[in-house]
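Analysis of the macromolecular model
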Amino acid sequence: MRRTVFNEDHEAFRETLRAFIEAEVVPVYDEWFAAGQAPREFYYKLGELGIFGINVPEEFGGAGMDSHKFEAVLYEETARAGVQFGGSGVHVLLALPYINMLATDEQKKRYLPKFVTGEEMWAIAMTEPGTGSDLAGMKSTAKLSEDGTHYVLNGAKTFITGGVHADRVIVCARTAAPTAEDRRHGISLFAVDTKSEGYSVGRKLDKLGLRTSDTAELAFVDVKVPVEDLLGEENKGFSYLGHNLASERWGIAFGAYAQAKAAVRFAKQYVQERTVFGKPVAHFQNTKFELAACQAEVDAAEAVADRATEALDAGELTPAEAASAKLFCTEVAHRVIDRCLQLHGGYGYMNEYPIARLYADNRVNRIYGGTSEVMKMIIAKDMGL
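Presented here is an overview of the structure given in this document. (Residues numbered from 1 in each chain as written. Predicted model: local features only at pLDDT ≥ 70, side-chain atom pairs only at ≥ 80, totals over all residues. Heavy atoms only, no water.)

Structural notes on the overall build of the protein chain
Helix and strand content of the protein chain: 12 helices and 10 strands. Taking 21 Å as the expected radius of gyration for a compact globule of 385 residues, we find that the protein chain reaches 21 Å, a close match to that expectation. Viewed in the frame of its principal axes, the protein chain has a C-alpha envelope of about 80 × 50 × 40 Å. Per-residue burial for the protein chain yields a buried fraction of 52% across its 385 residues. Contacts spanning at least 24 positions in sequence make up 75% of the contacts within the protein chain whose residues lie at least 6 apart. When the accessible surface of the protein chain is totalled, it reaches about 18,100 Å², and 53% of it is carbon and sulfur. Once the 42 positive and 54 negative side-chain charges of the protein chain are each reduced to a mean point, those two points are 6 Å apart. (Helix = DSSP H or I, 4+ residues; strand = E, 2+ residues; numbered from the N terminus. Rg over C-alpha atoms; globule rule 2.2 N^0.38 Å. Buried < 20%, exposed > 50% of the residue type's maximum accessible area, 1.4 Å probe, protein only. Contact = heavy atoms within 4.5 Å. Areas by Shrake-Rupley, 256 points an atom, 1.4 Å probe, with all protein chains shown as cover. Lys, Arg positive; Asp, Glu negative; His and termini not counted. Charge placed at Lys NZ, Arg CZ, Asp CG, Glu CD.)

In structure tokens, the structure reads:
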């Protein structure tokens, strides 16, 4: 089926990106995998390539685009090559929307030029030990000083992707107690400089998948955050978090679809090259039927992902539609990647094969950004149930 979501500019970007991945990432990816993170220097190369500036206004050094389609191309090309760009996805997909939406002109002048070049890498810290998806239950606090010049931040965060290399982190913390009527009241967002005294990076977490992204625990002990680094209005953080969930869930949905598409590519190539009982594995009817079924699921996921992309760019992607896209695409990817790994036999369980890494990388898609169960709750509520 002919796709209409991308134009000539997107395809030119795809060619450039594919060449970059082949030259700069594929030859060293095994080293990154073994180290458990991409090197900090790599992010400067992404900055030079323009990856970080696509959706940054031109006056701050970016390309001034108002579209997620270039990000979509990035998802497809990294999945196609069986690689990840470390923790940089959080920098663009999660952190940038908050800067664009909430930062004042003065803040944008301070933040965005270094954001674009990769000189300052950003992450976002929401989840805390023991809270999981219940963001309203966070305990971290930020109390305004008596002279009103800064906030004093205390608390801890966990599962923070990009947390090891981050130069600034958008930290969610309580600036007021929740009310009986609203548990979500009192949360604020801060752009915290990771060089601040009292800020520390704890363990780099040992994850099942996404091995090249640095994910860490963070701790704050009397960290002084200048009032100039408050993002948006005090106590309105939860509404800001909800505003950007649709784009975050779109990214997970599109990334999952791209992984499923890549899995079929890897499996097709493998079964054509691998021989069993004197014949290529692709010769057997079961192989053909399995891959045909997987391809049909990928085609459906592609249609859902593309529709969500168009809606997001038009500013029309609703929370329920984003949840539906995430639920469908991540469940499809789960089934497809599992079946494609099965076609690899024992080799599919070896990390030297991209299908094994893809299998591990994909699993978290049904957890972060809201679990599949939470997605079902959102969809059911939208149905009036």
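Some details on the state of the cysteines
Evaluation of the coordinates by the stated rule reveals zero disulfides. Between C329, a cysteine without a disulfide, and C294, which holds the nearest cysteine sulfur, the sulfur-to-sulfur distance is 15 Å. Residue C329 is classed as buried on the basis of its relative accessible area, which comes to 0%. (Disulfide = S-S within 2.5 Å.)

Considering helix α3 (residues 40-49)
Along an α-helix, a turn takes 3.6 residues, which lines up residues three or four apart on a common side. Within α3 the residues assigned to the buried category are R40, F42, Y43, L46 and G47. Along the axis of α3, the buried positions cluster into a sector of 150 degrees, meaning they face one direction only. When the buried face of α3 is taken as reference, the exposed residues oriented beyond 90 degrees from it are E41 and E48. Buried residues along α3 sit against α1 (8-25), α2 (29-35), α5 (88-102) and α6 (105-117). The first or second residue beyond α3 is G50, which carries a positive phi of 95 degrees. (Arc of directions from axis to C-beta.)

What to know about a nonpolar patch on the surface
On the surface, a nonpolar cluster with roughly 360 Å² of combined accessible area is contributed by Y347, Y349 and M350. Among the secondary structure elements, Y349 is positioned in the loop between α10 (319-343) and α11 (354-363). Overall, Y349 belongs to the exposed group, its relative accessible area being 69%. (Patch = residues over 30% accessible without salt bridge, like charges linked within 9 Å, V, L, I, M, F, W, Y side chains within 5 Å. Salt bridge = Lys/Arg side-chain N within 4 Å of Asp/Glu carboxyl O.)

Regarding the pattern of salt bridges
All chains considered together, the criterion is met by 24 salt bridges. Residue R357 is joined to D30 by a salt bridge in which the shortest nitrogen-to-oxygen separation is 2.9 Å. Of the two residues, R357 sits in helix α11 while D30 sits in helix α2, which places them 327 residues apart along the sequence. Given a relative accessible area of 53%, D30 falls into the exposed group. Between R40 and D167 there is a salt bridge; the shortest N-O distance is 2.9 Å. In this pair, R40 sits in helix α3 while D167 sits in the loop between β3 (150-161) and β4 (168-174), placing the two residues 127 residues apart along the sequence. Comparing R40 with D167 shows no difference in burial state: the two are buried.

Things to note about the packing of aromatic side chains
In the structure shown here, the tally under the stated rule is 16 aromatic pairs. Measuring from centroid to centroid gives 5.4 Å for F13 and F70, while their planes differ by 80 degrees, and the two rings are edge-to-face. Of this pair, F13 sits in helix α1 while F70 sits in helix α4 (residues 69-81), and the two are 57 residues apart along the sequence. Residue F13 is classed as buried on the basis of its relative accessible area, which comes to 14%. For F70, a relative accessible area of 10% translates into the label buried. When the ring of Y347 is compared with that of Y353, the centres are 5.6 Å apart and the planes differ by 50 degrees; the resulting orientation is tilted. In this structure Y347 comes out as partly exposed when scored by relative accessible area, which is 38%. These aromatic residues form a ring-pair network of at least three members: F20, Y29, W32, F42, Y43 and F85. Here the basic side chain of R40 rests over the ring of Y44, its NZ or CZ set 4.8 Å away from the ring centre. (Phe/Tyr/Trp six-rings, centres within 6.5 Å; stacked < 30°, edge-to-face > 60°. Lys NZ or Arg CZ within 6 Å of the ring centre and 35° of its normal.)

Comments concerning the environment of R307
With respect to the helices and strands, the residue R307 is situated in helix α9 (residues 285-313). What makes R307 exposed here is its relative accessible area of 63%. Linking R307 and E321, residues 14 residues apart in sequence, is a C-alpha distance of 9.9 Å.

Some thoughts on α9
Between the first and last C-alpha of α9 there are 42 Å, a value that for 29 residues agrees with the 42 Å anticipated at 1.5 Å per step. Phi turns positive, to about 70 degrees, at G315, one or two residues after α9. (Expected span 1.5 Å × (residues − 1).)

A short note on unusual backbone geometry
The phi torsion at F159 lies on the positive side, around 60 degrees, for a residue other than glycine. Position of F159 relative to the elements: it lies in strand β3.

Overview of the pairing of strand β7 (residues 215-226)
As defined by bridge partners, β3 adjoins β7 across nine bridges and the pair is classed as antiparallel. Along β7, the bridge assignment pairs T161 with T215. Relative to β7, strand β6 (residues 199-204) runs antiparallel, the two being bridged by four bridges. Pairing of Y199 across the sheet is with F220, part of β7. (Pairing = 2+ DSSP bridges.)

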